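Given next are the chains, with one letter for each unit.
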Amino acid sequence: MSISWGNLSVRVYAAEAWVSLAPRFAEERPQIVDRIEAILQDNAPAVRLQAAQNLQVICKAAPNRMWSMGERIAASESNEQILTSYLGHALRRFSHAEPDRCERILTLAKDRLSEFSDKDGSRNRLKECLGGWAAQLYAGQGRPIARVWIEEWAADPKRFQDALNAYTSSLRGAFFGRYAADVEQGDRDMCDRAQDGLRVILGPALAISAKQHTVVTTATAQEEKKAAAELYSAAEHVIHHATMQLYFGAGARAEDKEDGPGLSNPDTKSRFLADYAEILGLLRKSREPATLHYLIELYEYLIPGDPVAVFTAIHAILIGVGAEEGYHYENLGSTAVVKVVKRYIADHRGIFEDPARRAMLVEILQLFSEVGWSDALRLLYDLPDLLR
């Protein structure tokens, strides 16, 4: 339950007042620091919250005591919202100035994750906070301990999917940092580390997905199938979330270009296809039609970068795992494929002068025509004239 208070919660407002006084007067009046330390030990969560989320206000007056209080919050605070508020607000201000101390406090909090049980159907805010910190420390600052955390979480997506998804969400723009027109070396380095972290996440997730999918489709015991289905779903959720960050971050939708430089021209799209070839190859192994759909739409956006390579990848998805999982039965799937084919015929017809590639195009249209999609059937019927 979220912490709340009303107009008559005078102790909360008193705590807030002490916090407000600290930046201006705590150096001259050490009793203010004493009061803030006492507030952190109050029985009422709403009172403790005022000091925890603003603990940085005593950084000049009593830096050592501030860090001691922070370690005490990380090691013993029983309220998850207070702990998360401290880590995500007050502590964040010191990520560059005091990374070692931040990592020590974060490790204390991370080691207590089992004390805060997940609520069914709701996100775990503490895990999300730690995932965001991992993005900051590893991708943003190159701190190796955060990469170790990512590796640990990636091995168990069912338990840590909130942390893994927070990592990729935090870096939606950074995944494309190296493609900005005015890119600096720091941006390139951050992009490299962000991409490495994504690779660390996707490898185990896809391995778990493949293994559990086999169990789901072959096991006879219902309990075994249920457990496998939960692991499969968690792994695929992480994969889908990562796919969406690349989809939106690339600028595949015109209204989603505010999160970073994206890919604005054929050259950057070509470079992205080369740089992210391994990751795109991993995403093509997903067995979820929703993930494959957005991946195909991402590939459509990337067509100007390398029309032949993109067509080959789309064909592999549709005829391979897409056909196995019934993507061709989806209305959105038919719409997306027809749109891609029409674009190729309009802008890149020449690639189908190759007989093998023309046969691949026919194979795609036949797949969708045979299940009754009229637009695909019409394209297949008109194909000889369209390619003439």
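Check the entry above for the structure.
As a starting point, this report considers the structure included with it. (Residues numbered from 1 in each chain as written. Predicted model: local features only at pLDDT ≥ 70, side-chain atom pairs only at ≥ 80, totals over all residues. Heavy atoms only, no water.)

**Description of the overall build of the chain**
Phase 1 of the analysis: Looking only at helices and strands, one finds 18 helices and zero strands in the chain.
Phase 2 of the analysis: In terms of principal-axis extent, the alpha carbons of the chain reach across some 85 × 55 × 40 Å.
Phase 3 of the analysis: When the 388 residues of the chain are sorted by exposure, 50% land in the buried category.
Phase 4 of the analysis: Here the analysis covers contacts within the chain between residues at least 6 apart in sequence; of these, 71% occur between residues at least 24 apart.
Phase 5 of the analysis: For the chain, the accessible surface area stands at approximately 18,300 Å², while carbon and sulfur atoms represent 50% of it.
Phase 6 of the analysis: Side chains of the chain give 45 positive and 53 negative charges; the mean places of these two sets differ by 3 Å. (Helix = DSSP H or I, 4+ residues; strand = E, 2+ residues; numbered from the N terminus. Buried < 20%, exposed > 50% of the residue type's maximum accessible area, 1.4 Å probe, protein only. Contact = heavy atoms within 4.5 Å. Areas by Shrake-Rupley, 256 points an atom, 1.4 Å probe, with all protein chains shown as cover. Lys, Arg positive; Asp, Glu negative; His and termini not counted. Charge placed at Lys NZ, Arg CZ, Asp CG, Glu CD.)

**Quick look at the environment of Ala-14**
Phase 1 of the analysis: Considering the arrangement of structural elements, one finds Ala-14 in helix α1 (residues 10-25).
Phase 2 of the analysis: Note: C-alpha distance between Ala-14 and Val-47 (33 residues apart in sequence) is 8.6 Å.

**Side note on helix α3 (residues 45-52)**
Phase 1 of the analysis: Here α3 lies mainly inside the structure; seven of its eight residues are buried.
Phase 2 of the analysis: On its buried face, α3 sits against α1, α2 (31-39), α4 (63-76) and α5 (80-90).

**Observations concerning the environment of His-89**
Phase 1 of the analysis: One can find His-89 in helix α5.
Phase 2 of the analysis: His-89 sits 34 residues away from Leu-55 along the chain, and the two C-alpha atoms are 8.9 Å apart.
Phase 3 of the analysis: Excluding anything up to four places from it in sequence, His-89 contacts Gln-53, Asn-54 and Gln-56.
Phase 4 of the analysis: Separated by 3.5 Å, the side chain of His-89 and the backbone oxygen of Gln-53 make a polar contact. (Polar contact = N/O pair within 3.5 Å; in protein donor to acceptor, adjacent residues only side chain to side chain.)

**Points about the packing of helix α7 (residues 125-140) against helix α10 (residues 185-218)**
Phase 1 of the analysis: The interhelical angle for the contact between α7 and α10, taken along N-to-C directions, is 125 degrees, at an axis separation of 8 Å. Between α7 and α10, the crossing angle belongs to the class labelled oblique. Residue-level inspection shows Tyr-138, Ala-139 and Gly-140 of α7 in contact with α10, the latter providing Met-190, Arg-193, Ala-194, Asp-196 and Gly-197.
Phase 2 of the analysis: For the contact of α7 with α10, the per-class residue count stands at four nonpolar, two polar and two charged. (Axes fitted to C-alpha atoms, helices over the stretch in contact; angles between N-to-C directions. Parallel < 35°, antiparallel > 145°, perpendicular 65-115°, else oblique. Nonpolar A, V, L, I, M, F, W, Y, C, P; charged D, E, K, R; others polar.)

**A closer look at the packing of aromatic side chains**
Phase 1 of the analysis: Taken as a whole, this structure holds twelve aromatic pairs when the rule is applied.
Phase 2 of the analysis: On the numbers, 6.4 Å between centres and 35 degrees between planes, the contact of Trp-149 with Trp-153 is tilted. One end of the pair, Trp-149, and the other, Trp-153, are both in helix α8 (residues 144-154), four residues apart, so they sit about a helical turn from each other. Summarising the burial analysis for this pair, Trp-149 and Trp-153 share the class buried. (Phe/Tyr/Trp six-rings, centres within 6.5 Å; stacked < 30°, edge-to-face > 60°.)

**What about the pattern of salt bridges?**
Phase 1 of the analysis: Enumeration according to the criterion identifies 25 salt bridges in this entry.
Phase 2 of the analysis: Ionic pairing is found between Arg-101 and Glu-98, a salt bridge with its closest N-O pair at 4.0 Å.
Phase 3 of the analysis: Relative accessible area serves as the criterion here: at 28%, Glu-98 is assigned to the partly exposed category.
Phase 4 of the analysis: Across the pair Glu-151 and Arg-147 runs a salt bridge whose closest N-O atoms are separated by 2.4 Å. Residue Glu-151 and its partner Arg-147 are both found in helix α8; the two are separated by four residues, about one turn of the helix. (Salt bridge = Lys/Arg side-chain N within 4 Å of Asp/Glu carboxyl O.)

**Quick notes on the packing of helix α14 (residues 289-302) against helix α16 (residues 331-347)**
Phase 1 of the analysis: Relative to each other, α14 and α16 sit at 15 degrees, their axes nearing to 10 Å. With respect to their mutual orientation, α14 and α16 come out roughly parallel. As for the relative orientation of α14 and α16, their crossing is left-handed in sense. Along its contact with α14, which presents His-293, Ile-296, Glu-300 and Tyr-301, the element α16 presents Leu-332, Gly-333, Ala-336, Lys-339, Val-340 and Arg-343.
Phase 2 of the analysis: Each residue belonging to the contact of α14 with α16 can be placed in one class, and the counts come to five nonpolar, two polar and three charged. (Left-handed = near helix turned anticlockwise from the far one by under 90°.)

**Remarks on the side chain of Arg-357**
Phase 1 of the analysis: When you line up the elements, Arg-357 lands in helix α17 (residues 355-369).
Phase 2 of the analysis: Polar side-chain contacts of Arg-357 include one of 2.8 Å to the backbone oxygen of Ile-351.
Phase 3 of the analysis: Ignoring sequence-local partners within four residues, the contact set of Arg-357 consists of Val-308, Phe-311, Ile-351 and Phe-352.

**So, the nonpolar core**
Phase 1 of the analysis: Core analysis: the biggest nonpolar cluster contains 120 residues, and Leu-55, Leu-87, Tyr-276 and Tyr-299 have the highest contact counts within it.
Phase 2 of the analysis: Per element, the largest residue contribution to this core is nine residues, and it comes from α7.
Phase 3 of the analysis: If near-sequence neighbours (up to four positions away) are discounted, Tyr-276 is found in contact with Phe-175, Arg-178, Tyr-179, Cys-191, Gln-195, Leu-198 and Leu-246. (Core = buried A, V, L, I, M, F, W, Y, C linked by side-chain atoms within 4.5 Å.)

**Things to note about helix α6 (residues 99-110)**
Phase 1 of the analysis: The end-to-end C-alpha distance of α6, which contains twelve residues, comes to 16 Å, matching closely the 16 Å that a straight helix rising 1.5 Å per residue would cover.
Phase 2 of the analysis: Those residues of α6 that sit buried are Pro-99, Cys-102, Glu-103, Ile-105, Leu-106, Ala-109 and Lys-110. Along the axis of α6, the buried positions cluster into a sector of 165 degrees, meaning they face one direction only.
Phase 3 of the analysis: Packing partners of the buried residues in α6 comprise α4, α5, α7 and α8. (Expected span 1.5 Å × (residues − 1). Arc of directions from axis to C-beta.)

Everything listed here is a matter of coordinates, which is why it stays silent on function.
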